[in-house]
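# Per-entry structural report
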Amino acid sequence: MTAAGNHQASRPIGRRLERAGIRDVAAAAGVSITTVSDALNGKGRLPDATRRHVREVAERLGYRPSAAARTLRTGRSGLIGLTVTTYGEEPFTFTEFAYFAEMARAATSAALARGYALVILPASSRHDVWSNVALDGTVVIDPSDHDPVVMELVRQGVPVVSDGRPAGSLPVHAWVDNDHEEAVLGILDHLAAAGARRIGLLTGTSTDTYTRLSTTAYLQWCERVGQEPVYESYPAHDPCAGAVAADRLLARPDRPDAVYGLFDPNGTDLLAAARRYGLRVPDDLLLVCCSESSVYATTEPPITTLSLKPGKIGTAVVQLLIDAIEGVGATHPVQQIMQTDLIVRTSSQRRTHRTTVSPPRSPAGS
């Protein structure tokens, strides 16, 4: 047996290594327990040299404040929630989508930088998870009109910040969102400038602000330019339904020669549907979708995407939430607008402008 093995064997079985406590830090630093507490929590009127000395000793000893002690001292758990409530009781693993995954990563990093941990929670309360987690505040993504989760959290005195502009008078402490109307109008003008004469839309059936504002902007644009709207709606939480809706859109007698898809899988769904109907992208059909996925840079052809900047939004909503928890910053609801970014690729750049739109063909092989 090696020396290391002998050392391991000499330890009492079943005992955990002792963790340095606040008394150990005070003794090693030669100060009082109160001084240690003030130095580590940024309180009291201590010389900077004393504060630095205590923190260096605490770091050397591996001291970490007890979560339970912090809760008793501050009344806060150090936990903030993140959830998507748009689809209500429907099963929806939102971290499987690129937007939500990137937003959650940024929110986690921002929370840790402020000394908080992020807890991802289901929108459904069927399993009573919410009541078992002591949250200091919650970020809600795309809350629906009169969102019951938001209303209940606010009723309990839990601060709520929304990723997405809440409808009506939903009582959130702050919200961060994109200018969806401007983004959609920019995409439609981009497609029209590329030669599109009949632009279609793949949209959702939910009532969240993103879907509602984007669809309304499309309908208003159609009215302004004198085009009959050509769109299909589907439950966005169901990826299979998206593929079916893409097929329906391209099978219509008034088939569009360009399409904007509001959701992540729409680009690949539309590309597959176009191939089934023998349509060439971008020659016969121009495509744009809203997605943060890097896969669209390598599709054939590469697909133009709209980025909603979820990383920046995730950081912003957590900063605003922690400010609300700690009682700093604005005393009135804060509203922030994040710029979008249209990443133009081959799918929305037609080499020659077409003046007519051919009728749909039957799917290949039928």
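Our structure's up above, just so we're on the same page.
A short tour of the structure in this document, coming up.

Rules used throughout
Residues numbered from 1 in each chain as written. Predicted model: local features only at pLDDT ≥ 70, side-chain atom pairs only at ≥ 80, totals over all residues. Heavy atoms only, no water. Helix = DSSP H or I, 4+ residues; strand = E, 2+ residues; numbered from the N terminus. Axes fitted to C-alpha atoms, helices over the stretch in contact; angles between N-to-C directions. Parallel < 35°, antiparallel > 145°, perpendicular 65-115°, else oblique. Left-handed = near helix turned anticlockwise from the far one by under 90°. Contact = heavy atoms within 4.5 Å. Nonpolar A, V, L, I, M, F, W, Y, C, P; charged D, E, K, R; others polar. Pairing = 2+ DSSP bridges. Polar contact = N/O pair within 3.5 Å; in protein donor to acceptor, adjacent residues only side chain to side chain. Core = buried A, V, L, I, M, F, W, Y, C linked by side-chain atoms within 4.5 Å. Buried < 20%, exposed > 50% of the residue type's maximum accessible area, 1.4 Å probe, protein only. Salt bridge = Lys/Arg side-chain N within 4 Å of Asp/Glu carboxyl O.

## Quick look at unusual backbone geometry
- Cis peptide bonds are those with omega within 30 degrees of zero, and the linkage from Val281 to Pro282 qualifies with 10 degrees.
- Residue placement: Pro282 occurs in the loop between helix H11 (266-276) and strand E9 (286-290).
- For the peptide bond that leads from Glu300 to Pro301, omega is 0 degrees, which places it in the cis range.
- Topologically, Pro301 is positioned in the loop between E9 and strand E10 (304-307).
- Look at Asp142: it is not a glycine, yet its phi comes out positive at around 50 degrees.

## Concerning the packing of helix H8 (residues 180-193) against helix H9 (residues 209-225)
- Running from N to C, H8 and H9 cross one another at 45 degrees; their axes reach a closest spacing of 8 Å. Judged on the interaxial angle alone, H9 and H8 are oblique. In this structure, H8 meets H9 at a crossing whose hand is right-handed. Contacts from His180, Glu181, Val184, Leu185, Leu188, Asp189 and Ala192 in H8 reach Tyr210, Leu213, Ser214, Ala217, Tyr218, Trp221 and Arg224 in H9.
- The class makeup of the residues in the contact of H8 with H9 is nine nonpolar, two polar and three charged.

## Observations regarding the sheet that holds strand E1 (residues 79-84)
- An order of E2-E1-E3-E4-E5-E11 is seen for the six strands of this open sheet, with the pairing classed as parallel. This sheet does not close on itself; its edge strands, each paired only once, are strand E2 (117-120) and strand E11 (334-338). The average undirected angle you get between the axes of adjacent strands in this sheet is 20 degrees.
- Looking at chain direction, strand E4 (residues 160-163) and strand E5 (residues 174-178) are connected through three bridges and run parallel. Among the inter-strand pairings, Val161 is bridged to a residue of E5, identified as Ala174.

## What to know about the side chain of His190
- Its place among the elements puts His190 in helix H8.
- Among the polar contacts listed, one links the side chain of His190 to the side chain of Ser348, at a separation of 2.7 Å.
- Residues in contact with His190, not counting those within four places in the same chain, are Leu342, Val344 and Ser348.

## Here we look at the nonpolar core
- Within the largest apolar cluster, 72 residues are counted, with the highest numbers of intra-cluster contacts made by Ile80, Leu191, Leu250, Tyr260, Val317 and Val318.
- The biggest single contributor to this core is helix H12 (residues 310-326), with eight residues.
- Core analysis: the second largest hydrophobic core is formed by ten residues, Val25, Ala26, Val54 and Val57 among them.

## Here's the deal with the pattern of salt bridges
- Under the defined criterion, the tally for this structure stands at twelve salt bridges.
- Here Arg165 ties to Glu181 by a salt bridge, and the two come within 3.9 Å at their closest N and O atoms. Taken as a pair, Arg165 in the loop between E4 and E5 and Glu181 in helix H8 lie far apart in primary sequence, 16 residues in all.
- Looking at Glu181, the relative accessible area reads 25%, which means it is partly exposed.
- Put simply, Asp254 and Arg252 hold a salt bridge, and the shortest N to O gap is 2.9 Å.
- Shared partners join several salt bridges into a network, and the residues in it are Glu232, Arg248, Arg252 and Asp254.

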